[in-house]
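Descriptive analysis of the structure
Here's the letter readout for the chains.
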Amino acid sequence: MKILTVIGARPQFIKAIALSHAVARANGVQEVLLHTGQHYDDNMSAVFFRDLRLAEPKYRFDLGGGRHGDMTGRQLIAIEEALIAEKPDVCLVYGDTNSTLAGSLAAAKLHVPVAHVEAGLRSFNRRMPEEINRVVSDHLATWLFAPTETAVHNLASEGIGGDKVHMVGDVMYDVSRLIIDNPGRRTDIAKGLGLSDKGYAVATIHRQENTDDPDRLLAILEALAELSAQMNVVLPLHPRTRKTIAGDSEAGKALERLMTIDPVGFFDMATLLAGAKLAVTDSGGLQKEAFFHGVPCVTVRDETEWVELVEHGWNRLPASITSGAISEAIDAALASGGGKQAMPYGDGHAAEAILKVLSA
Ligand code: UD1
């Protein structure tokens, strides 16, 4: 069996390592990696290939930047050509980025069956580009690998069910176990920054809905600046957010009170997270990684696809994206110290389960 895997953005490099490891252990399975180049900076892309020892992609394009239609269109053309040349049995896509959408669309039109990993997640907010990408990819896929029971229900309510849907758990949990099970792989990043264990917060902000709305971005930064009066707040700054803040002096002033660093690799981020007292983020991945490391989290969005964490008390959504409401959620999360012990994301062997289904 030949799998052509499409990756392009930071979280996909991380997710891909779990399946690539499983493929390396399996007989008769070949994986061809295609990197669209949606993320291209060294610290948004290459560092993950080095850290996680992900193989060099056979196809590497330079198709990042630009508006959504422009970027997705260029990716569609390139992926179609690779699919025609490779004739894979499966085109595998992860998550909800523009690279995911381009991969599923190119493959479906060529009658190459699509496997969608992280299927069935919904924010029910169609203003998010990610929601459009995941809905379309789910409806085009032949195999839908759901990370949670909630995702299975979401698919059923859109008329997708039966043999196509497989609840396999979350590949991010597979990957997080690389460091949870091997604490020796923690790096010295926190020490280098002078941070004491459980004495700081870690934050990330990159979603278009936050970065492209100056009021929301300022509210988040002001709440983080307020938190910095109590503890250090480390913010590895995404290039999208850096670009937006560059032209906004008020946001820039709030930013000065935080410990801003460049984006970091997988093991550095996992180390920062594991040692943190609190995570504040708009990232889907970080919400769960915080939980895997036993760290409470505030998600600065109006809704989340990972509703289990809110139900179990590990994650909090502010009542609104204003600095007051975010600070309230932060105080509540710090006071709670965590949530219910439960594991809604499978057993840490999602990649093997996916490969088993595809090989059947
Ligand atoms: C994308 C995904 C999002 C995912 C996130 C992870 C879409 C619609 N969004 O959002 O779902 O959670 O990646 O990070 O696909 N840029 C650089 N250097 C880079 C990468 C990006 O400067 O290495 C710039 C781009 O040129 C662009 C901006 O950052 O101006 C945003 O990049 P883009 O890939 O459009 O979206 P993300 O916000 O990263």
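This is a predicted model, so every value here is computed, not measured.

Conventions and cut-offs
Residues numbered from 1 in each chain as written. Predicted model: local features only at pLDDT ≥ 70, side-chain atom pairs only at ≥ 80, totals over all residues. Heavy atoms only, no water. Near = heavy atom within 4 Å. Polar contact = N/O pair within 3.5 Å; in protein donor to acceptor, adjacent residues only side chain to side chain. Areas by Shrake-Rupley, 256 points an atom, 1.4 Å probe, with all protein chains shown as cover. Helix = DSSP H or I, 4+ residues; strand = E, 2+ residues; numbered from the N terminus. Nonpolar A, V, L, I, M, F, W, Y, C, P; charged D, E, K, R; others polar. Salt bridge = Lys/Arg side-chain N within 4 Å of Asp/Glu carboxyl O. Buried < 20%, exposed > 50% of the residue type's maximum accessible area, 1.4 Å probe, protein only. 1 Å grid on protein atoms, 1.4 Å probe; cavity = no way out; pocket = protein on both sides within 12 Å on 5 of 7 lines; lining within 4 Å. Points joined across faces, edges and corners; volume = space filled by probe spheres on them. Domains from an automatic or database assignment. Contact = heavy atoms within 4.5 Å.

Observations concerning the site of the ligand
Lining the immediate environment of the ligand, one finds 21 residues, of which Gln38, His39, Asp41, Asn98 and Arg240 sit closest. One nitrogen or oxygen atom from the side chain of glutamine 38 is found 2.8 Å from an oxygen atom belonging to the ligand. About the coverage of the ligand: the protein hides 90% of its 750 Å² of free accessible area. The set of elements that each furnish at least two residues to the shell around the ligand consists of helix H3 (68-86), helix H5 (129-140) and helix H11 (239-246). Taken together, the residues of the shell around the ligand break down into seven nonpolar, nine polar and five charged.

Some details on the pattern of salt bridges
According to the stated counting rule, one finds 22 salt bridges in the structure shown. The closest approach of N and O atoms between arginine 74 and aspartate 70, which form a salt bridge, is 2.7 Å. With arginine 74 and aspartate 70 both in helix H3 and four residues apart, the pair spans about one turn of that helix. Where glutamate 131 meets arginine 134, a salt bridge forms, and the shortest distance between an N and an O atom there is 2.4 Å. Separated by three residues within a single helix, glutamate 131 and arginine 134 lie in helix H5, roughly one turn from each other. Like arginine 134, glutamate 131 is buried.

Structural notes on the layout of surface pockets
Of the pockets and cavities examined, the second largest pocket occupies roughly 210 Å³. Lining the second largest pocket are 13 residues, with His21, Arg25, Asp174, Gly348 and Glu352 positioned closest to its centre. When contributions to the lining of the second largest pocket are tallied by element, the ones reaching two or more residues are helix H1 (10-25), helix H7 (171-180) and helix H17 (350-359). For the lining of the second largest pocket, the leading source of residues is H1, giving five residues.

Things to note about the domain arrangement of the protein chain
With domains assigned, the protein chain is organised as domain 1 (2-170 + 346-359) and domain 2 (187-336). Using C-alpha coordinates to define each centre, domain 1 is positioned 26 Å away from domain 2. Contacts between the two partners involve 25 residues from domain 1, matched on the other side by 21 residues from domain 2. Taken together, the connections running from domain 1 to domain 2 amount to four salt bridges. Across the contact surface, domain 1 and domain 2 share eight residue pairs in polar contact (both at pLDDT 80 or more). Going through the elements one at a time, H1, helix H2 (46-52) and H5 are the ones with two or more residues in the side of domain 1 that touches domain 2. Top element by residues in the side of domain 1 that touches domain 2 is H2. It accounts for four residues.

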